[in-house]
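Here is what each chain is made of, one letter per residue.
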Amino acid sequence: MNPISKLFFVILLTICPHQILAKEGSDFIVQACDHTLYKALCVKTLQSDPESHAAANIHILAKVVLKHAASEANQILDQITKLHGQTSDQVIEQCLSDCSENYQDAIDKVEDAQLALESNGYDDLNTWITAAMSDADSCEQGFNDQPGHKSPITDLNNTFSQLCSIVLALTNKLREH
């Protein structure tokens, strides 16, 4: 590389480092997400979070998705609380009450999973995330068991479960290394 090319590259890197380096980070994100069932959600979640742009390994990407799963669980619990105060249907009220308990438990399990990830406890993380997914499924099943009553949080439950699935896929890749 001649000196002028080197100078041009250094100037370009100085002026536009995020655009140049983001491409490399974006490629890494896409590669990592190729191993998940929900690739589009994985890519969207990671590309929306600045922490993942500079990620040098899958561990960091798993941490970012786990953070988003925790946030989603908290948003769902807030939505459940909001909906609980707006319904007069006793069946829906009971289902929402059960879902509230499920998501309080799921939030605790995701927090345990975050601690497990920090200590590279992938088996423990798998256990906690699987249990959190089960909590979301139990919430949804409560509505399904009541004829004529549809869950108002199905899409949120699905997103939470998909984020958890992405975490499991990413951490399974970590186990291989």
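Shown above is the structure to which this text applies.
Residues numbered from 1 in each chain as written. Predicted model: local features only at pLDDT ≥ 70, side-chain atom pairs only at ≥ 80, totals over all residues. Heavy atoms only, no water.

In this section: the overall build of the chain. Looking only at helices and strands, the chain has 8 helices and 0 strands in total. For the chain, with 177 residues in total, the buried portion stands at 39%. Accessible area for the chain stands at about 9900 Å²; split by element, carbon and sulfur atoms hold 54% of it. (Helix = DSSP H or I, 4+ residues; strand = E, 2+ residues; numbered from the N terminus. Buried < 20%, exposed > 50% of the residue type's maximum accessible area, 1.4 Å probe, protein only. Areas by Shrake-Rupley, 256 points an atom, 1.4 Å probe, with all protein chains shown as cover.)

Along the polypeptide, asparagine 102 turns up in helix H6 (residues 90-118). Given a relative accessible area of 14%, asparagine 102 falls into the buried group. A polar side-chain atom of asparagine 102 sits 3.5 Å from the main-chain amide nitrogen of cysteine 139. When near neighbours in sequence (up to four residues on either side) are disregarded, asparagine 102 contacts Asp135, Ser138 and Cys139. (Polar contact = N/O pair within 3.5 Å; in protein donor to acceptor, adjacent residues only side chain to side chain. Contact = heavy atoms within 4.5 Å.)

Turning our eyes to something else, we now look at helix H3 (residues 39-47). Looking only at H3, the buried set comprises Cys42, Val43, Thr45 and Leu46. Across the axial projection of H3, the buried residues extend over an arc of 165°, all falling on one side. Along H3, exposed side chains directed more than 90 degrees from the buried face belong to Ala40 and Lys44. (Arc of directions from axis to C-beta.)

Here we take up the state of the cysteines. Scanning the model with the defined rule gives 2 disulfides in all. Here cysteine 99 is linked by a disulfide to cysteine 139, with a sulfur-sulfur distance of 2.0 Å. Its torsion about the S-S bond being 95°, the disulfide of cysteine 99 and cysteine 139 is classed as right-handed. Linking cysteine 99 in helix H6 with cysteine 139 in helix H7 (residues 122-144), this pair joins segments that are 40 residues apart in sequence. Like cysteine 99, the residue cysteine 139 is buried in the burial classification. Listing the disulfide partners of the chain by sequence rank of the bonded cysteines yields 1-2, 3-4. Cysteine 95 forms no disulfide, and the closest cysteine sulfur to it belongs to cysteine 99, at a distance of 6.7 Å. (Disulfide = S-S within 2.5 Å.)

Okay, the environment of leucine 83 next. With respect to the helices and strands, leucine 83 occurs in helix H5 (residues 58-84). With relative accessibility at 16%, the residue leucine 83 sits in the buried group. Along the chain, leucine 83 and isoleucine 153 lie 70 residues apart, while their C-alpha atoms are 9.5 Å from each other. When near neighbours in sequence (up to four residues on either side) are disregarded, leucine 83 contacts Leu96, Pro152 and Ile153.

Moving on, we get to the environment of aspartate 108. Position of aspartate 108 among the secondary structure elements: in helix H6. Residue classification places aspartate 108 among the partly exposed residues on the basis of a relative accessible area of 41%. The spacing of aspartate 108 and alanine 132 is 24 residues in sequence and 8.4 Å in space, taken between C-alpha atoms.

What follows is about the pattern of salt bridges. Enumeration over the complete set of coordinates arrives at 7 salt bridges. Among the salt bridges present, the one from lysine 67 reaches aspartate 49, with a minimum N-O distance of 2.7 Å. In this pair, lysine 67 sits in helix H5 while aspartate 49 sits in the loop between H3 and helix H4 (50-53), placing the two residues 18 residues apart along the sequence. Since its relative accessible area comes to 35%, lysine 67 is described here as partly exposed. Take aspartate 49: its relative accessible area is 6%, and that puts it in the buried class. Taking the shortest distance from any N to any O, the salt bridge between lysine 109 and aspartate 135 comes out at 3.3 Å. Placement of the pair is lysine 109 in helix H6 and aspartate 135 in helix H7, with a sequence separation of 26 residues. (Salt bridge = Lys/Arg side-chain N within 4 Å of Asp/Glu carboxyl O.)

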